[in-house]
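Residues per chain are reported as follows:
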Amino acid sequence: KKGGKNLCFIATLDHKKGIGLLLQCFQAAVSKNPAYRLFMAGGFKNDKSYEFYTKHLIKSLGLNDYITFLDWVDDVPAMLKDMDYLVSTSPWEGCPNNVIEAMACGIKPLVHNWAGSKKLFTPEHVFSTVDEFLEKLISRDYNSQAYRDYVSENFNKEFQLPKIEK
């Protein structure tokens, strides 16, 4: 991959995933280049009020034509085939499989700076502000093989299983 305009967000769509920040970041991206598209996969939990809020914010930010909602995705690698970036805006995480799976597929991650994020991912993939998000998104720095290698080196079973057992 060489970058592009397709961003994806893979998670249960609820208040724990920082969707407000996601939409602010995406609105800033679209204001720079209207070719960007966001694919939100995972579906809303049983919280109609949060779904209402999210769709209201999308409409308020003028993003209706730029966002596609997808249900829960069973085959993540197949879904990621047409994606260029994985955005994670959660305010907290443990070991975010969505980011790891995307990197394993050669997708550039853009990860919000939750406590511990810089211990799991490199600083060039972590952002704290909308401006930093944009900077990382439009950067020409895109290296699919490096993302795959990072996952292979840092999230392999030989490295992770002893940590889990300990």
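Residues numbered from 1 in each chain as written. Predicted model: local features only at pLDDT ≥ 70, side-chain atom pairs only at ≥ 80, totals over all residues. Heavy atoms only, no water.

## Here's the deal with the pairing of strand β4 (residues 85-88)
- Alternating residues of β4 divide into Tyr85 and Val87 and Leu86 and Ser88, and every residue in both groups is buried.
- Bridge count between strand β1 (residues 6-10) and β4: 2 bridges; the pairing is parallel. Bridging from a neighbouring strand, Leu7 pairs with Tyr85 of β4.
- The sheet contact formed by β4 and strand β5 (residues 108-112) spans 4 bridges and is parallel. Bridge pairing in β5 links Val87 to Leu110.
- Following the chain from β4 across helix α4 (residues 97-104) to the adjacent parallel β5, one finds a crossover that is right-handed. (Buried < 20%, exposed > 50% of the residue type's maximum accessible area, 1.4 Å probe, protein only. Helix = DSSP H or I, 4+ residues; strand = E, 2+ residues; numbered from the N terminus. Pairing = 2+ DSSP bridges. Right-handed = clockwise from strand over helix to strand, strands pointing away.)

## Side note on the side chain of Ser117
- Secondary-structure assignment places Ser117 in helix α5 (residues 117-120).
- In this structure Ser117 comes out as buried when scored by relative accessible area, which is 0%.
- Leave out the neighbours within four places in its chain, and Ser117 touches Val111, His112 and Val126. (Contact = heavy atoms within 4.5 Å.)

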